[in-house]
Amino acid sequence: MLAWTVRRLLISLLLIWAVATVVFTLIHLVPGDPAELLLSAGGVAPDPAAVAELRERLGLDRPIAEQYASFLGGVVRGDLGRSIVDDHPVAEEILLRLPRTLELIGAGALLAVLIGIPVGTEAALRRGTLFDRATGATAALLLAVPIFVVGTLLVLVFAQWLRWMPAGGYVPLAADPWRHLTLLTMPALAVAKGLVAVVFRMTRTAVLDTLSRDFVRTARAKGLSPSRILVRHVLRNAIIPVLTVLALHMGSLLGGTVLVEFVFNWPGMSTPLLKAVEARDYPMVVGIVLTISILFVALNLVMDLGYAALDPRIRHA
Amino acid sequence: MMATRRSVLAATAGLPLLAAAPARAQRQPGVLRFGLSSFPPSIQPWVNTGTAAATVKLLIYRGLVSFAPDGSLRGELAETWHNETPTSWVFRLRENAVFQNGDRVTSEDIRWNLEQIAAERSTAFYRAQAQGIARIETPDARTIRIVTAEPMVTLPLWFASYHMMMVSPRSPTAAGALPIGAGPFVLRSQERGVSLDLVRFDRYYKPGLPRLRGIRMIAYADENLRVAALQAGDVDLIEYVPWQAMASIEADPRLRLDATDGPFMYLTFNASRPPLSDARVRRAIAHAIRREDIVKAAFFGRGAPLEGLPIPPGSPFHDPELAAGWRYDPARARALLAEAGVPNGFSTTILSTAQYGMHKDTAEVVQQHLAAVGIQAELRLPDWPTRVTLGNRGQFDIAVMGTTTENNDPDGMSNLLDGSLPASFVRSAGLRIPRIEELLAQGRSEFDEARRRAIYAELQRVALAEVPIVGLAWRSQGYAMVPEVRGFRAMPGALNFFSGITLEEASLG
């Protein structure tokens, strides 16, 4: 087991290095000079001497191999460098932004669970009824409608027409908890949109499957109440695959909340990533992508180790 | 008590409604909420980091002079200024101007600022101009004499720019620290990428100003969300109103739109190879495009055709006949192509960007009109950074560009027309027109207003024939606000991005 774990860890480190190298290379290959772009804001012609000066100051005049070596050295020391645009430490920016994205994904997942599990359960219990068909159709619709359409509709209806909710934005939780939660509601609903449908479908299928099991029939025969059977026996068994699928989807949302963050002005990780690509802010792009990759790889590693601990066939394969 | 599935369902369905009641931001008395188009990447006083940063800079800092709402120059840190000789300008500082650390603004401070801007390692926007200053004299604490190497009638305009703000030499020097300005508002705090909070500077040198207690600037990168935030009551004032929203804002009695034509779209050329090296071909292109279609397609009718050089109609240098010198005339375009030896047209490319709708839409309209006279143009629509790089390297045939001049003086066009300047995506590549360079230099050194008008009329005539760029369309640049916002005004023409300066007079009535 130890040798297998060490091998997995080494593979994970290799993966992270590969991602860092690919992203570093790609962003440097794309046309566009950060110094030139930085001084060209507003469509004006920058002074070439100022551009040359800035390139030198940012270290962009060094050979690419030297820049790569210095970048790798920084990563090993845990230093992701500083933003080319505003000289802000990349790690600090990630530490500021990542919790906001995780909060958004977490809130979306919570809503998905709170809505998807009860509705999915009800649909399974009323299999073939109008309720089942209507909720099934709604889930299909939620999956089909693009997230930016839902986001824009939410803003239009609740902010512009009804004026119940703020159109978008962000206030730190510590500064104003109530406003923080109100600003979180609509983006969390938008994130939850697709997840609700997934959780609903998985729940419905899993509950139907569990309902047909022998132990449920036995529970009924023992004279347990239907609600006790549902909560204690059916849902407990049905919920495991639902949560596994939800966790997988949450992982993919880490880099997939771009549109929601943009539509609702939620200052998470996606917005600075887009802006950094636009400004060719090399350290910021590589830093953010690297962080997302590390989280993904870590998640996979934990899952692999967990499965291996449970199933010896995996570690001996 | 046991939870039934119905009670769980009911509780879940009700959750989103919990937040519905008093969700909108409460307005603090005397604090204006301003919806910015982006979070400023930096608000350093001398570097150009875009127009959102300019609005913030106009709150925190002040220069020697500025532009009044009617576009004329007015005093700021300097109360008077005059030229003693064609190469020497004297500025007299206000007695009561102080930096936000309480220090009085002195002539030595101004000298220090100019020396920093001109320094070898400076990245200041006006570095080249500051390096053209031969000598700075400070005969007393309130007088500064600036001696230039060449006569410079436009020198006061430099000092009105939001890239030429004056800061205290005793500003903190730590990384990321903001220099201390002498503007009407002090930056109290900021949430990176989200908002900036500014409060009134009580010792601002203009009595009774600023009227607001503070300004909260919130960045909304999505233009539609910016409008939604205004309509939802989250903010009081927004910049960069999208053209498609202007009509609905005008129709909304709860809102007011203040828009002027200022920025413009134009074409640049790579004239280093035929057939675009031939002025007749460039002129044919200028006559082949119906500008009204661009205004309609790219700006929802919010703008005006631009059939000459970008000198706005209200300017003393505007000549209605010269301003229509490239009017739509496809027959003339075909004749010019025939005269240039390409009667059946030719194949070429148009560089624009898919990142900004107005650039892409403009390119598409140009492409259609060029096809009508036989010029088959293929569109190249990379992202904006790539488009800038290709433009700077001269790797294009025809390019669509949008910008504004530095100010309303025709010398502000130098950046677009002067081929002697280093290669840049804002002007044509491989195209030097010596007569235009001469006239621009003459215009800069001529102090007599009537003679300046004659110089720029001649410049327009030369440009119409030689076609260093092709003007396409003025575009409307708008601010929208709730009616309670008073005193804020959209500045005219090229000065539109200076409108932030009027926030010192704004109030919430």
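Residues numbered from 1 in each chain as written. Chains lettered and ligands numbered in written order. Predicted model: local features only at pLDDT ≥ 70, side-chain atom pairs only at ≥ 80, totals over all residues.

J.: Hey, could you go over the overall build of chain B for me, with residue numbers and the actual values?
T.: When helices and strands are counted, chain B shows 16 helices and 19 strands. Expected size for 509 residues packed as a compact globule is a radius of gyration near 23 Å; at 25 Å, chain B falls within 12% of this value. Along the longest, intermediate and shortest principal axes, the C-alpha atoms of chain B span 90 × 75 × 40 Å. The long-range share in chain B, meaning contacts at least 24 apart out of those at least 6 apart in sequence, stands at 68%. (Helix = DSSP H or I, 4+ residues; strand = E, 2+ residues; numbered from the N terminus. Rg over C-alpha atoms; globule rule 2.2 N^0.38 Å. Contact = placed C-beta atoms within 7 Å.)

J.: Pulling in residues and values, what's your account of the overall build of chain A?
T.: For chain A, the helix and strand inventory stands at 14 helices and zero strands. Along chain A, from the amino end to the carboxyl end, the secondary structure elements read α-α-α-α-α-α-α-α-α-α-α-α-α-α. Along the first, second and third principal axes, the C-alpha set of chain A runs to 85 × 60 × 35 Å. Across the 317 residues that make up chain A, the buried fraction comes to 40%. Considering only residue pairs separated by 6 or more positions, chain A has 71% of its internal contacts joining residues 24 or more positions apart. (Buried ≥ 20, exposed ≤ 12 C-beta atoms within 10 Å, placed from the backbone.)

J.: Which residues make up the pairing of strand β8 (residues 185-191) of chain B, and what are the values?
T.: Residues and elements named next belong to chain B. Note that β8 and strand β9 (residues 195-200) share six bridges and pair antiparallel. Looking at β9, one finds that F185 is bridged to R200. The turn joining β8 and β9, which pair antiparallel and follow one another in sequence, is formed by three residues; a positive phi near 80° is taken by G193. (Pairing = 2+ DSSP bridges.)

J.: Quick one: what's the story with the interface of chain A and chain B, residue by residue and with numbers?
T.: At the junction of the two partners, chain A supplies 55 residues and chain B supplies 57 residues. For the side of chain A that touches chain B, the elements supplying multiple residues, two or more each, are α2 (34-38), α3 (48-58), α5 (90-125), α7 (147-161), α8 (177-211), α10 (226-253), α11 (258-263) and α12 (270-279) of chain A. The biggest single contributor to the side of chain A that touches chain B is α5 of chain A, with seven residues.

J.: Outline helix α1 (residues 2-29) of chain A, supporting the account with residue identities and numerical values.
T.: Here α1 of chain A spans 40 Å end to end across 28 residues, near enough to the 40 Å set by a 1.5 Å rise per residue. Taken together, the buried positions of α1 of chain A are A20, F24 and I27 of chain A. (Expected span 1.5 Å × (residues − 1).)

J.: Let's hear about the packing of helix α9 (residues 291-299) of chain B against helix α12 (residues 357-372) of chain B: which residues, and what values?
T.: Residue and element names in this part refer to chain B. For the pair α9 and α12, interaxial distance at closest approach is 9 Å and the crossing angle is 145°. Where α9 crosses over α12, the handedness of that crossing is right-handed. The residues of α12 that touch α9, namely those facing D293, I294, A297, A298 and F299, are M358, D361, T362 and V365. (Axes fitted to C-alpha atoms, helices over the stretch in contact; angles between N-to-C directions. Left-handed = near helix turned anticlockwise from the far one by under 90°.)

J.: Please provide a residue-by-residue account of unusual backbone geometry, values included.
T.: Here the bond from L209 of chain B into P210 of chain B is cis, since omega is -5°, no more than 30 degrees from zero. Looking at where P210 of chain B falls in the secondary structure, it is placed in the loop between β9 and β10 (214-219). Backbone torsion omega between P274 of chain B and P275 of chain B reads 0°, so that peptide bond is classified as cis. For P275 of chain B, the position within the fold is in the loop between β12 (256-269) and α8 (279-288). Positive phi values are uncommon outside glycine, yet R163 of chain A reaches one of about 55°. Residue placement: R163 of chain A occurs in the loop between α7 and α8. R163 of chain A gets classed as partly exposed once you count the C-beta atoms within 10 Å, which come to 15. Even without being glycine, F300 of chain B reaches a positive phi, approximately 50°. Among the secondary structure elements, F300 of chain B is positioned in the loop between α9 and β13 (303-305).

J.: Explain helix α6 (residues 223-231) of chain B to me, using residue names and the numbers behind them.
T.: For α6 of chain B, a buried count of seven out of nine residues is recorded, marking the element as mostly surrounded by other parts of the structure. Within α6 of chain B, the full set of buried residues consists of L225, R226, V227, A228, A229, L230 and Q231 of chain B. On its buried side, α6 of chain B packs onto α7 and α11 of chain A together with β1 (31-36), β11 (237-238), α7 (243-251) and β17 (470-481) of chain B. G233 of chain B lies just past α6 of chain B and shows a positive phi near 85°.

J.: Could you give an account of the nonpolar core, with specific residues and numbers?
T.: Among the nonpolar cores identified, the biggest contains 232 residues, and A112 and V199 of chain A together with V241 and L267 of chain B are the most heavily contacted of them. Sorting elements by how many residues they give to this core places α8 of chain A first, with 17 residues. (Core = buried A, V, L, I, M, F, W, Y, C linked by C-beta atoms within 7 Å.)

J.: Break down the packing of α7 of chain A against α6 of chain B for me, with residues and values.
T.: Contact geometry of α7 of chain A with α6 of chain B gives a least axis separation of 8 Å together with a crossing angle of 25°. One way to sum up the angle between α7 of chain A and α6 of chain B is to call them roughly parallel. In this structure, the crossing between α7 of chain A and α6 of chain B has a hand that is left-handed. Along the contact surface, α7 of chain A presents V155, A159 and Q160 of chain A, while α6 of chain B presents L225, A228 and Q231 of chain B. Taken together, the residues that form the contact of α7 of chain A with α6 of chain B break down as four nonpolar, two polar and no charged. (Parallel < 35°, antiparallel > 145°, perpendicular 65-115°, else oblique. Nonpolar A, V, L, I, M, F, W, Y, C, P; charged D, E, K, R; others polar.)

J.: Describe in detail the sheet that holds strand β5 (residues 88-93) of chain B, supporting the description with residues and values.
T.: Backbone-to-backbone hydrogen bonds join strands into a sheet, with any given pair of strands oriented parallel or antiparallel. Residues and elements named next belong to chain B. Pairing in this open sheet of four strands is antiparallel, and the strands run β4-β5-β7-β6 from one edge to the other. With one partner strand each, in any of the chains shown, β4 (78-85) and β6 (133-140) form the two edges of the open sheet. Here the strands of the sheet are splayed against their neighbours by 20° on average, with no regard to which way each runs. Taken together, the six bridges between β4 and β5 define a ladder with antiparallel strand orientation. When the sheet's bridge partners are listed, T80 is paired in β5 with R92.

J.: Which residues make up the pairing of β17 of chain B, and what values do they have?
T.: Residues and elements named next belong to chain B. Burial analysis of β17 places 12 of its 12 residues in the buried class, the great majority of the element. With two bridges joining them, β11 and β17 adopt antiparallel strand pairing. Across the sheet, L237 pairs through a bridge with M481, a residue of β17. The sheet contact formed by β12 and β17 spans 10 bridges and is antiparallel. Counted as the bridge partner of M265 is A473 from β17. In terms of strand pairing, β13 meets β17 through three bridges, oriented antiparallel. When the sheet's bridge partners are listed, A304 is paired in β17 with W474.

J.: Account for the environment of R135 of chain B, with residues named and values stated.
T.: Residue and element names in this part refer to chain B. With respect to the helices, strands and loops of the structure, R135 is situated in strand β6. In this structure R135 comes out as exposed when scored by C-beta crowding, with 11 C-beta atoms within 10 Å. Between the alpha carbons of R135 and F99 there is a distance of 25 Å; along the sequence they are 36 residues apart.

J.: Report on the environment of T257 of chain A, specifying residues and quantitative values.
T.: Residues and elements named next belong to chain A. For T257, the position within the fold is in the loop between α10 and α11. Given 25 C-beta atoms within 10 Å, T257 falls into the buried group. Expressed as a C-alpha distance, the spacing of T257 and L211, which sit 46 residues apart in the sequence, is 36 Å. With sequence-adjacent residues up to four places away left out, T257 is seen in contact with T101, L104, I105, V191, G268 and S270.

J.: Outline the environment of R77 of chain A, supporting the account with residue identities and numerical values.
T.: Relative to the assigned elements, R77 of chain A resides in the loop between α4 (64-76) and α5. As for R77 of chain A and V196 of chain A, which are separated by 119 residues in sequence, their C-alpha atoms are 41 Å apart.

J.: Tell me about the confidence of the model for chain A, and name the residues and values.
T.: The predicted model of chain A averages 87 in pLDDT, with 97% of residues at 70 or higher. In the model of chain A, helix α14 (residues 312-315) of chain A stands out as the element of lowest mean pLDDT, 68, in contrast to helix α6 (residues 130-144) of chain A, which has the highest, 94. (pLDDT = per-residue confidence, 0-100.)

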